[in-house]
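What follows is each chain in one-letter form.
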Amino acid sequence: LSILAAILAIGLGGPGNDLRRVVMSRCTTFLEREDPPNRRKICQTLWDAFTGAFVGRDQCEVPLEAYDQLVHSVPQKDHCHRTLFWSKTKHVVHQFTQGTKCLVTLEDTLLGFVMDGLTWCGRNGSRKTFTTGCPRWTQCPLNPVRSFWGRVSAAFAASACGNATVMLNGSLATPFDPNSTFGSIEVKNFNSSRMTGLAVVLVASESDSATCENSSLQNLQKALDPALKYSCKVVQQSQIQGCIADPPLACGKCW
Ligand code: NAD
C-alpha cells in the first residue's frame, strides 16, 4: 500500500501540480469575469506556453524571449487612456485599481493576474515544474520569474495607447529608477504612434516633500519620445485612499 501511495505522490502530487492548480484556477477565475465560452481551452494553452518557456531549462538561463509564445498565445485587450504603470507603489496601486476600476495595471490583465506573487522554475533534464529552490530575483538576471515579468511588461507597455499613467513613490529620493522594470523595460517599449502621453502621479505622504521638480523625474522626461505629452502631479496618499473609499462617478476626478 505504501508503495502505491508513493507512486501516486510522484505521479499526481509531485512538484508542479500545485503550480498547475493555482495557474489554472486563477486563469479560469479571471476569464469568468469576461466569460468567454472557451476559457478552459485558453487556460490550457496558457499553461502549455507558460511551462514551455522554462521546463527542462537551467534556472539561470531563461531568456525573456522564452515567453514570446506565451505572450502571443493569450487574448490581449486594448486599454486606451486607462493603462497604469507603477514602480515601488505596488500596494496602493492595486488597492486603487481594484477599488475604483478606473485604470488597468499589468496585474489586472490575464497574464499578470495569474502569475502575480508566484515563484516557479524548472531543472535541467527534468520535465517537472518547481516552486521551491528557485533563484531569487537578483540571484541571476535570467531567472524564469524575472524574465517572465520583463517580457510581459514589455508587451504591456508596447500595447499602451492614448494617455497612460504611472504611479511613482514620492517618498523616495529617486522616484524614477532607470534600472527598475518601469525604467529599463516599460519606458523603452512605449510606442509613440499608439500612446499620446504619460501622466506621472507622484504618490506622497504628509511627512515628505515630494516634488515634480525631482531630478529623477527630469530624467524620465528626457527618456521619453518628445512626441509624448508629459505631465506630473503630486497626489497625497490620503487623497487616493479617499478615492478608493468613495470612488467618483467619473474616472479622472480622483486627482
Ligand atoms: P518595483 O521596483 O516596485 O518592482 C516590482 C516587483 O518586482 C516587486 O514587487 C518584486 O516582486 C519584484 N522585484 C523587483 N526588484 C526586486 C528585488 N531586488 N528583489 C526581489 N523582488 C524584486 O517596480 P518596477 O521594477 O518598476 O516594476 C513595476 C512595473 O513593471 C509595473 O509597471 C508592472 O507593470 C511591471 N512589473 C510587475 C511585477 C509584478 O510582480 N507584478 C514585477 C515586475 C515588473
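Residues numbered from 1 in each chain as written. Predicted model: local features only at pLDDT ≥ 70, side-chain atom pairs only at ≥ 80, totals over all residues. Heavy atoms only, no water.

1. A few points about the overall build of the protein
Next, step 1: The helix and strand inventory of the protein stands at 10 helices and 4 strands.
Next, step 2: Beginning at the N terminus, the succession of helices and strands in the protein can be written as α-α-α-α-β-α-α-α-β-α-β-α-β-α.
Next, step 3: With the C-alpha coordinates of the protein rotated into their principal frame, the extents come out at 70 × 40 × 40 Å.
Next, step 4: Among the 255 residues that make up the protein, the fraction classed as buried is 46%.
Next, step 5: Accessible area of the protein: about 13100 Å², with a carbon and sulfur share of 53%.
Next, step 6: If the 25 positive side-chain charges of the protein are averaged to one point and the 20 negative ones to another, these points end up 4 Å apart. (Helix = DSSP H or I, 4+ residues; strand = E, 2+ residues; numbered from the N terminus. Buried < 20%, exposed > 50% of the residue type's maximum accessible area, 1.4 Å probe, protein only. Areas by Shrake-Rupley, 256 points an atom, 1.4 Å probe, with all protein chains shown as cover. Lys, Arg positive; Asp, Glu negative; His and termini not counted. Charge placed at Lys NZ, Arg CZ, Asp CG, Glu CD.)

2. Here's the deal with the sheet that holds strand 4 (residues 229-236)
Next, step 1: The 4 strands are arranged 1-2-3-4 in an open sheet whose pairing can be described as parallel. Each end of this open sheet is capped by a strand with a single partner; those strands are strand 1 (84-87) and strand 4. Averaged over neighbouring strand pairs, the angle between their axes works out to 20 degrees when direction is ignored.
Next, step 2: Where strand 1 meets strand 2 (residues 162-169), 4 bridges bridge the pair, whose relative direction is parallel. When the bridges of strand 2 are listed, W86 appears paired with M167.
Next, step 3: In this fold helix 10 (residues 237-245) packs onto strand 2, strand 3 (195-204) and strand 4, with an angle of close to 85 degrees to the strand it touches most, strand 4. (Pairing = 2+ DSSP bridges. Axes fitted to C-alpha atoms, helices over the stretch in contact; angles between N-to-C directions. Contact = heavy atoms within 4.5 Å.)

3. Observations concerning the site of the ligand
Next, step 1: Around the ligand sit 16 residues in total, of which S87, K88, E107, T181 and E186 are the nearest.
Next, step 2: At 3.2 Å from a nitrogen atom of the ligand is found a side-chain nitrogen or oxygen belonging to W137.
Next, step 3: Relative to its free-state accessible area of 750 Å², the ligand is covered by the protein chains to the extent of 74%. (Near = heavy atom within 4 Å. Polar contact = N/O pair within 3.5 Å; in protein donor to acceptor, adjacent residues only side chain to side chain.)

4. With respect to the pattern of salt bridges
Next, step 1: Tallying each qualifying case throughout the model produces 6 salt bridges.
Next, step 2: When the shortest N-O distance is used, the salt bridge between E32 and R39 registers 3.7 Å.
Next, step 3: You can call R39 partly exposed: its relative accessible area is 23%.
Next, step 4: A salt bridge links R194 to D78; the nearest nitrogen and oxygen atoms lie 3.1 Å apart. Residue R194 is located in the loop between helix 8 (181-186) and strand 3, and its partner D78 is located in the loop between helix 4 (68-73) and strand 1; the two are separated by 116 residues in the primary sequence. (Salt bridge = Lys/Arg side-chain N within 4 Å of Asp/Glu carboxyl O.)

5. Overview of the packing of helix 5 (residues 90-100) against helix 10
Next, step 1: Where helix 5 contacts helix 10, the two axes come as close as 9 Å, and the packing angle between them is 25 degrees. The angle between helix 5 and helix 10 falls in the class roughly parallel. In the crossing of helix 5 with helix 10, the sense of the turn from one axis to the other is left-handed. On the side of helix 5, the interface is formed by V92, Q95, F96, G99 and T100, while helix 10 contributes Q237, I240, Q241, C243 and I244. (Parallel < 35°, antiparallel > 145°, perpendicular 65-115°, else oblique. Left-handed = near helix turned anticlockwise from the far one by under 90°.)

6. Structural notes on the side chain of S87
Next, step 1: Looking at the secondary structure, you find S87 in strand 1.
Next, step 2: Taking relative accessible area as the criterion, S87 reaches 6% and is therefore assigned buried.
Next, step 3: Those residues in contact with S87, other than ones at most four positions away along the chain, are M167, L168, N169, S180 and F182.

7. Considerations on the confidence of the model for the protein
Next, step 1: Averaged over the protein, the pLDDT score is 93; the fraction of residues at 70 or greater is 93%.
Next, step 2: Counting contacts from residues 5-13, a segment whose pLDDT is below 50, to residues more than four positions away or on other chains yields 5 contacts.
Next, step 3: Listed scores for the predicted complex are pTM 0.94 and ipTM 0.99. (pLDDT = per-residue confidence, 0-100.)

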